[in-house]
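The chain contents come next:
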Amino acid sequence: MIARTCSVEGCQRPYYAKGFCAHHYHKNRNSMLAATKKTVWPAAPQKKCVAWLCDEPVYGMGVCEKHYREWRMEEVGGGIKR
Ligand SMILES: [Zn+2]
Ligand SMILES: [Zn+2]
């Protein structure tokens, strides 16, 4: 029986889990966690609109000017009177 090793090219460490050695398994897991964190709705203030697929700069309440107005319109039921 051939001892399994890490699937990462050039890595000769013993097999641990998911095709990787312990080192690369944890490395991979961490980068996967970091990637999933990026897709989560951001809680901290940021400089880009938080709306889905929107890259506009923040205008107010964490969203761009366009979305800020849209969201305000929704809040008041679409009929803003000044
Ligand atoms: Zn490895
Ligand atoms: Zn936006």
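Residues numbered from 1 in each chain as written. Chains lettered and ligands numbered in written order. Predicted model: local features only at pLDDT ≥ 70, side-chain atom pairs only at ≥ 80, totals over all residues.

J.: Explanation requested: the overall build of the chain in the structure shown.
T.: When you go through the chain residue by residue, the secondary structure sums to two helices and two strands. For the chain, contacts bridging at least 24 residues in sequence account for 0% of all contacts bridging at least 6. (Helix = DSSP H or I, 4+ residues; strand = E, 2+ residues; numbered from the N terminus. Contact = placed C-beta atoms within 7 Å.)

J.: Looking at this model, I keep getting lost on unusual backbone geometry. Mind explaining?
T.: The general pattern is negative phi for most residues beyond glycine and trans for most peptide bonds. A positive phi angle, close to 60°, is found at Leu53, a residue other than glycine. In the Ramachandran plot, Met61 falls in the positive-phi region, its phi being about 55° despite a non-glycine side chain. On the secondary structure map, Met61 appears in the loop between α1 (22-39) and α2 (65-75).

J.: What is the right way to read the confidence of the model for the chain from this model?
T.: Detail in the predicted coordinates should be disregarded across regions flagged by low pLDDT. On average, residues of the chain score 81 in pLDDT, and 76% of them are at 70 or above. The lowest-confidence element of the chain is α1, averaging 80 in pLDDT; the highest-confidence one is strand β2 (residues 20-21), averaging 94. (pLDDT = per-residue confidence, 0-100.)

J.: Is there a simple way to explain the environment of Lys66 in this structure?
T.: Its location among the elements puts Lys66 in helix α2. According to the C-beta neighbour criterion, Lys66 is partly exposed, with 13 such atoms within 10 Å. Spatially, the C-alpha atom of Lys66 lies 9.6 Å from that of Cys49, the residues being 17 residues apart in sequence. (Buried ≥ 20, exposed ≤ 12 C-beta atoms within 10 Å, placed from the backbone.)

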